[in-house]
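Architecture and fold: a report
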Amino acid sequence: MKIRLGVLASHGGSNLQAIIDQIKKENVNIEIVAVISNNSGSFALKRAKSEGINVYHISSKTTFDVGEQIIKVFRQHQVNLIALAGYMKKIPDSVLKKYSNRILNIHPALLPKYGGEGMYGMNVHEAVINAKEEYSGVTIHLVNSKYDEGRILNQQKVPIAKDDSASTLAEKILLVEHKLYFATLKLISEEKIMLQ
Ligand code: GAR
């Protein structure tokens, strides 16, 4: 399948950048056609803009119906798959309905552990370190109405060293994220991972 990817991101967008870079290097059937952020000053938007990708700022602070606006933009660009890349807002029900089984998220832990509301970014790594786990990892999953509970599509373990802190673990995990998101998108485009 030819993927016309729409990305939602809130902050740094390093996962977005990794996908952009890998698309340029490999001959794949994936195109990022629009990037939306709730945060007008996000580095993710700057990165996308400098790559010539269509960018949009859609926020509940400036828009009455965020879902309607997201759908409008993604419809305009014929998006057929959405990737959340560090998107820190809940996905409106209207978007979940319109893109049912077509929204992916990346989570910096081995779901179903260390997921749910409030489990994002450093909160996740701190919880994993405090629990003295031997492994953490990365999960790519489908998004549904419950935080981090959609079907798991791909996962990779990351061993935790005795002297790892939440921030050193975060760095290790981010490197794995940067490979696994693109690899999963590629498998979807090759129809080796089916979305339903
Ligand atoms: C990533 O570590 C991603 O897994 C995490 O936010 C970071 C975004 O980094 N997402 C979550 O915690 C979602 N629950 P990036 O903006 O540099 O791609």
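Please read all numbers here as calculations on a predicted model, not as lab measurements.

Some remarks on the site of the ligand
For the ligand, the set of nearby residues contains 14 residues, the closest of which are Gly 13, Ser 14, Asn 15, Gly 121 and Glu 177. Between the ligand and Gly 13, the relevant distance is 2.8 Å, taken from an oxygen atom to a main-chain nitrogen or oxygen of the residue. Taking His 107, its side chain carries an N or O atom lying 3.3 Å from a nitrogen atom of the ligand. Contact with the protein chains hides 88% of the accessible area of the ligand, taken as 460 Å² for the molecule alone.

Observations regarding the sheet that holds strand 7 (residues 152-159)
One open sheet holds the seven strands; their spatial order is 3-2-1-4-5-6-7, and the pairing between them is mixed. Looking along the sheet, the strands with just one partner apiece sit at the ends: strand 3 (54-57) and strand 7. Ignoring which end each strand starts from, the neighbouring axes of this sheet average 20 degrees apart. Where strand 5 (residues 103-107) lies against strand 6 (residues 135-142), four bridges are found, and the strand directions are antiparallel. Bridged to Asn 105 within strand 6 is His 141. Sitting on the sheet, helix 1 (residues 14-25) is in contact with strand 1 (3-9), strand 2 (30-37) and strand 5, with an inclination near 160 degrees to strand 2. Contacting strand 1, strand 2, strand 4 (81-84), strand 5, strand 6 and strand 7, helix 6 (residues 166-189) runs over the sheet at an angle of about 150 degrees to strand 7.

Topic: the packing of aromatic side chains
Taken as a whole and assessed by the stated rule, the structure comprises one aromatic pair. Measuring from centroid to centroid gives 6.4 Å for Phe 74 and Tyr 99, while their planes differ by 90 degrees, and the two rings are edge-to-face. Here the residue Phe 74 occupies a position in helix 3 (residues 66-76), and Tyr 99 occupies one in the loop between helix 4 (93-98) and strand 5, the gap between them amounting to 25 residues. Of the two residues, Phe 74 and Tyr 99, neither departs from the other in class, the shared state being buried. The ring centre of Tyr 147 lies 5.2 Å from the NZ or CZ of Lys 90, which sits over that ring. Lys 157 extends its terminal NZ or CZ atom over the ring of Tyr 135, reaching a point 4.4 Å from the ring centre.

Quick notes on the packing of helix 5 (residues 121-130) against helix 6
When two helices pack together, their arrangement is captured by the angle between the axes and the distance separating the axes. For the pair helix 5 and helix 6, interaxial distance at closest approach is 9 Å and the crossing angle is 115 degrees. The crossing of helix 5 and helix 6 is right-handed. Taking contact as the criterion, the partners of Met 122, His 125, Glu 126, Val 128 and Ile 129 in helix 5 are, on helix 6, Ala 166, Ser 167, Leu 169, Ala 170 and Ile 173. When the residues that make up the contact of helix 5 with helix 6 are grouped by side-chain class, the tally is seven nonpolar, two polar and one charged.

Criteria and thresholds
Residues numbered from 1 in each chain as written. Predicted model: local features only at pLDDT ≥ 70, side-chain atom pairs only at ≥ 80, totals over all residues. Heavy atoms only, no water. Near = heavy atom within 4 Å. Polar contact = N/O pair within 3.5 Å; in protein donor to acceptor, adjacent residues only side chain to side chain. Areas by Shrake-Rupley, 256 points an atom, 1.4 Å probe, with all protein chains shown as cover. Pairing = 2+ DSSP bridges. Helix = DSSP H or I, 4+ residues; strand = E, 2+ residues; numbered from the N terminus. Axes fitted to C-alpha atoms, helices over the stretch in contact; angles between N-to-C directions. Contact = heavy atoms within 4.5 Å. Phe/Tyr/Trp six-rings, centres within 6.5 Å; stacked < 30°, edge-to-face > 60°. Buried < 20%, exposed > 50% of the residue type's maximum accessible area, 1.4 Å probe, protein only. Lys NZ or Arg CZ within 6 Å of the ring centre and 35° of its normal. Left-handed = near helix turned anticlockwise from the far one by under 90°. Nonpolar A, V, L, I, M, F, W, Y, C, P; charged D, E, K, R; others polar.

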